[in-house]
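Each chain is listed here by its residues.
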Number of protein chains: 2
Amino acid sequence: MPTARPDTLRVFSLNCWGIRFFSQLCTQRYEMIGKLLGREQHDIALLQEVWSERDFLFLKRKLSSSHPYTHYFKSGVIGSGLAVFSKHRIQDALLYQYSLNGYPYMLHAEYSRAQDEYLTHRIVQSWELLQFVRHTSCGADLVVLGGDLNMHPQDLGNRLLRSHTGLRDCYTETDTFDGCEDGHTLIADNHFTKKQDLVPFETGIRIDYILMKGSQRVSMKCETLSTTKGPVADKPFPYSDHEALTAELSLLRSEDSRQHGSSDALAVSEQMDVVAEARAVVKEGLCQTEALRDKAMHLMFGGLLSLLLPLALAFLPCFCSFSTLGLLGAVCMSLLLSGALLYLLFTAHIKVLKETEDQMMLTSNDLQTKLTGCRLSASPSSDGSPDLQPLSPFKQEE
Amino acid sequence: MPTARPDTLRVFSLNCWGIRFFSQLCTQRYEMIGKLLGREQHDIALLQEVWSERDFLFLKRKLSSSHPYTHYFKSGVIGSGLAVFSKHRIQDALLYQYSLNGYPYMLHAEYSRAQDEYLTHRIVQSWELLQFVRHTSCGADLVVLGGDLNMHPQDLGNRLLRSHTGLRDCYTETDTFDGCEDGHTLIADNHFTKKQDLVPFETGIRIDYILMKGSQRVSMKCETLSTTKGPVADKPFPYSDHEALTAELSLLRSEDSRQHGSSDALAVSEQMDVVAEARAVVKEGLCQTEALRDKAMHLMFGGLLSLLLPLALAFLPCFCSFSTLGLLGAVCMSLLLSGALLYLLFTAHIKVLKETEDQMMLTSNDLQTKLTGCRLSASPSSDGSPDLQPLSPFKQEE
């Protein structure tokens, strides 16, 4: 039998801002990050934006004795940038790629709330993330999710994620906190922060998180949470343009911990509200994307029609030179091609948005059923929490 | 308390071959499929290659009373083609897109074993499928996987999937079977089958499956499995170019069913063998793809160098006409572009292959640890099956 004394799990998260030849002072900063991790001996370090495999391999060598277990997630043309270092054996790894990742023809401007071009994409990503957590965490003793979520604490995507997974934010849950004001992880006092990224949040933004939940078998609590605070003692610059997070989590084996479940009527109706809000965003995004697809179709047809012009000119007697015709043809052709590519892009996005909306509808219906169940069994339940019957092909027989 | 009499779950699977304007007699066949489903009243119908949403909506209307619950999975430009019809409420849906889906510049020739260009892609897909099943089925009472897997029964991908998920093949498990010889689902006797697809398996191929497994709470058994047999009585043609499968599964609630677990030493060592075999294929594919990426790079540089030719010619006095130069330039430019696109494509494929190989290595290591555990605790175990300790941050304390 285990003792009653809680065990601890120390988790670290940092967006390393590791774009070779673009991010400033990469080599020196990885040197610092390696030293920090080797010294601090966290159980698990979750690193983001480790874009270069060489930098990952540098850390891997550096941490081979303190963190012998590691996984670097590889995907896409440029990779995922995600690396995990662990003192504990990693038994398995699974990678899920988001279906929507912004538009390739726009730069991914992150932090402006005023005109968030990507709100829909963020909501779809939040949805996919929460579905991933829900469906893969069933047998887990505990779940820890850490990283740069690119969302403010009260953003819809963040509320959606928390309410539908039961994950709790270490910053709001911690017993003691030591770090930047309001837990900010993008701060004006950081050497590398572009000040215009912070407008209108001059004091800072909190977009990096460590979230956690226990299970029926393990209850979980955040004892302390800390962040780095920009400048590093004895160093001329910070670890990254983001601040790092460290959470000390206490784990206690328990036989009847209830914290994992959040199926009381209040929680269910909150889940319903937030999924309704998210669904509205996805629907709005769907309309916008359908309009964009129409525009792409117009562009395509415009290109097709305008191709007739150089063709017609070619048959007129010496109206203009071959090179002019060729140039004109090339311009029309590229209009046609751009239109076609955009049409395909928006068609694929529309499919994703529809799929997400359908899934949200299924969840809404399911919550509605649960809520009815909750209300029916509200008071006379044996343990205060309604027994929510999952879908089952079993017939009810006496 | 439930009764001891088993409940049944009737599952249907069909590749509908529903490419509008290409697949023959689509409208008439969907009419037939709709009638079949309405009449047969399966609990769950799993349909593949329902490429047109209009055809899905036709079935949805047709089956609104027999199968009120349905989900049509939307993704990519052309959709997933997957539809589920159910008598039971669908609580949630989740879509996972494979990372590798063949090469866009080749036609997806399916059934030739002699020179399977796609062996690596199939193995990666099998791996992703089994990871999806493993990680999402933890809390499930039962798992049913049905569809056209594009693999023969003893193909590596199929063995990998079965051994690592514990899913059992209804064809080999069923008490009674009524259908085509050897369970074939692509048969010469089907009006729509292209005979050259069957070479060298003239009598037929089995590539459609219903797989299943129970859990600790539910034991599962296949009572009967049947297939359609090409021609349909009173109809001039079959439902599809594939045969349909119907499985009648019996479910029995149980408190200590052991069938879900497959962690005895024999099963573990079989899992190790098959994952080693798969890893060798992925490694081989990695080498090939790296060679292809090198070729793409040569093409790209070739295009770049050859661009110098028209540029040089342009500066020579009237050596050739502008139109010739333009044409030459366009050819070189398209060489360069094709090379660049192929380079990006192969780079992304290499990332996926490396990620898959890393995951397979994690699994191998984990199995090795289990095997050691199995052997250590081989005989004195209380119930014959070793207690396999999952990764845990808990320290062992007395």
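Starting from 1, residues in each chain are numbered consecutively following that chain's sequence as written. Chains and ligands are labelled sequentially in the order written, the chains with letters from A and the ligands with numbers from 1. Under the rules for a predicted model, residues below a pLDDT of 70 receive no local features and side-chain atom pairs below 80 are neither given nor counted, while totals for whole chains, interfaces and linings still include all residues. Only hydrogens and water are removed before side-chain values are computed, so all heavy atoms of the structure are retained for them.

Asks: Looking at this structure, how should I read the environment of Phe-237 of chain A?
Replies: Residue and element names in this part refer to chain A. Put simply, DSSP H or I for four residues or longer makes a helix, DSSP E for two residues or longer makes a strand, and each gets a number counted from the N terminus. Inspection of the secondary structure assignment puts Phe-237 in the loop between strand S9 (218-227) and strand S10 (245-253). Once the C-alpha coordinates of Phe-237 and Met-272 are considered, the two residues, 35 residues apart in sequence, prove to be 45 Å apart. Apart from the residues lying within four places of it in its own chain, the contact partners of Phe-237 are Leu-25, Gln-28, Arg-29, Met-32, His-191, Phe-192 and Val-232. Residue contacts follow a heavy-atom distance rule, with two residues in contact if any of their heavy atoms lie within 4.5 Å.

Asks: Sorry if this is basic, but what is going on with the layout of surface pockets here?
Replies: Empty space among the atoms becomes apparent when a probe as large as a water molecule is rolled across them. As defined here, a cavity is a set of points on a 1 Å grid over the protein atoms alone where a 1.4 Å probe fits but cannot get out. A pocket is an open set with protein on both sides within 12 Å along at least five of seven lines, and residues line them when an atom is within 4 Å of a point. Grid points are joined across faces, edges and corners, and a volume is the space filled by probe spheres set on the points. In this structure, the second largest pocket spans a volume of roughly 410 Å³. The wall of the second largest pocket is formed by 13 residues, among which Gly-326, Leu-327 and Ala-330 of chain A together with Gly-326 and Ala-330 of chain B lie closest to the centre. Contributing elements (two or more residues each) for the lining of the second largest pocket: helix H8 (322-376) of chain A together with helix H8 (322-376) of chain B. The element that contributes the greatest number of residues to the lining of the second largest pocket is H8 of chain A, accounting for seven residues. Basically, the charged four are Asp, Glu, Lys and Arg, the nonpolar ten are Ala, Val, Leu, Ile, Met, Phe, Trp, Tyr, Cys and Pro, and anything else, Gly included, counts as polar. Across the lining of the second largest pocket, the residue classes tally to seven nonpolar, six polar and no charged.

Asks: Which parts of the structure should I look at to understand a nonpolar patch on the surface?
Replies: Candidates for patches are residues over 30% relative accessible area with no salt bridge; among them, like charges are joined within 9 Å and nonpolar side chains (Val, Leu, Ile, Met, Phe, Trp, Tyr) within 5 Å. Here the open area of atoms and residues is found with the Shrake-Rupley method and a 1.4 Å probe, where only the protein chains shown may cover a residue. Salt bridges are counted wherever a side-chain nitrogen of Lys or Arg sits within 4 Å of a carboxyl oxygen of Asp or Glu. A cluster of nonpolar side chains, contributed by Val-77 and Ile-78 of chain A together with Leu-341 and Leu-344 of chain B, occupies part of the molecular surface with about 380 Å² of accessible area. The topology assignment puts Leu-344 of chain B in helix H8.

Asks: Whenever I open this one, the packing of aromatic side chains confuses me. Can you help?
Replies: Given two aromatic rings, one states the distance between the centres and the angle between the planes to describe the pair. Each Phe, Tyr or Trp ring, with Trp reduced to its six-membered ring, pairs with another whose centre is within 6.5 Å; inter-plane angles below 30 degrees give stacked pairs, above 60 give edge-to-face pairs, and intermediate values give tilted ones. Following the criterion strictly, the structure yields 13 aromatic pairs over all chains and no others. Consider the rings of Phe-192 of chain A and Phe-237 of chain A, whose centres lie 6.2 Å apart with planes at 55 degrees: the pair is tilted. With Phe-192 of chain A in the loop between strand S7 (176-178) and helix H6 (195-198) and Phe-237 of chain A in the loop between S9 and S10, this pair connects stretches of sequence that are 45 residues apart. Of the two residues, Phe-192 of chain A and Phe-237 of chain A, neither departs from the other in class, the shared state being buried. With 5.9 Å between their ring centres and 50 degrees between their planes, Tyr-96 of chain B and Phe-132 of chain B make a pair best called tilted. A residue pair is termed long-range when its members are at least 10 positions apart, and Tyr-96 of chain B in the loop between strand S4 (83-86) and helix H3 (119-136) and Phe-132 of chain B in helix H3 qualify at 36 residues. Under the relative-accessibility criterion, Phe-132 of chain B is labelled partly exposed at 24%. With a 1.4 Å probe rolled over the protein chains alone, any residue whose accessible area is under 20% of its type maximum counts as buried; one over 50% counts as exposed, and the rest are partly exposed.

Asks: Would you mind showing me how to read the sheet that holds strand S6 (residues 168-169) of chain A here?
Replies: For sheets, the rule is that strands pair by backbone hydrogen bonds, running either parallel or antiparallel. Residues and elements named next belong to chain A. In this scheme, strands are said to pair when DSSP sees at least two bridges between them. Read across the open sheet, the three strands follow the order S5-S8-S6; overall the sheet is antiparallel. Two strands in the sheet have a free side with no partner beyond their single neighbour: strand S5 (143-148) and S6. Bridge count between S6 and strand S8 (residues 208-213): two bridges; the pairing is antiparallel. Looking at the pairing, Asp-169 lines up with Leu-211 of S8.

Asks: Could you clarify how one ought to interpret the packing of helix H3 (residues 119-136) of chain A against helix H7 (residues 265-315) of chain A in this entry?
Replies: What describes two packed helices is the angle between their axes and the distance between those same axes. Residues and elements named next belong to chain A. Direction vectors running N to C along H3 and H7 enclose 130 degrees, while the axes themselves pass 9 Å from each other. By the angle between their axes, H3 is oblique relative to H7. Remark: the crossing between H3 and H7 carries left-handed chirality. Counting all contacts with H3, which are made through Leu-119, Thr-120, Ile-123, Val-124 and Trp-127, the residues of H7 involved are Val-275, Ala-278, Val-281, Val-282 and Gly-285. In the contact of H3 with H7, the residues fall into eight nonpolar, two polar and no charged. An axis is simply a line fitted to the C-alpha atoms; with a helix, the fit covers only the stretch in contact. Between two such axes, the angle follows the N-to-C directions and lies from 0 to 180 degrees. Here the word oblique covers every angle except those under 35 degrees (roughly parallel), over 145 (roughly antiparallel) and from 65 to 115 (roughly perpendicular). Each crossing gets its handedness from the near helix: less than a right angle anticlockwise from the far helix is left-handed, clockwise is right-handed.

Asks: Looking at this model, I keep getting lost on the sheet that holds strand S7 (residues 176-178) of chain B. Mind explaining?
Replies: All names here are of chain B. Judged by pairing direction, the sheet is mixed, and its seven strands sit side by side in the order S3-S4-S2-S1-S10-S9-S7 without closing on themselves. The open sheet has two free edges, formed respectively by strand S3 (69-72) and S7, since each of these has just one partner strand. Taken pair by pair, the neighbouring strands of this sheet meet at an average axis angle of 20 degrees, ignoring direction. Direction of pairing for strand S2 (residues 44-48) relative to S4: antiparallel, over a ladder of four bridges. Considered in S4, the bridge of Leu-46 is made with Val-84.

Asks: What's the story with empty space enclosed by the protein in this structure? I'm lost.
Replies: If you walk through the whole model with that rule in mind, you get three cavities of 30 Å³ or more. Roughly 100 Å³ of internal volume is contained in the largest cavity. Lining the largest cavity we find Leu-94, Tyr-96, Phe-132, His-135 and Thr-136 of chain A together with Leu-94, Tyr-96, Glu-128, Gln-131, Phe-132, His-135 and Thr-136 of chain B. Residue assignment for the lining of the largest cavity shows that the elements contributing at least two residues are H3 of chain A together with H3 of chain B. The element that contributes the greatest number of residues to the lining of the largest cavity is H3 of chain B, accounting for five residues. Of the residues in the lining of the largest cavity, the class split is six nonpolar, five polar and one charged. In this model, the second largest cavity occupies a volume close to 50 Å³. If you trace the second largest cavity, you find it lined by Asp-169, Cys-170, Tyr-171, Phe-177, Gly-183, Arg-206, Asp-208, Tyr-209, Ile-210, Leu-225, Thr-227 and Leu-245 of chain B. Tallied by class, the residues present in the lining of the second largest cavity amount to seven nonpolar, two polar and three charged.

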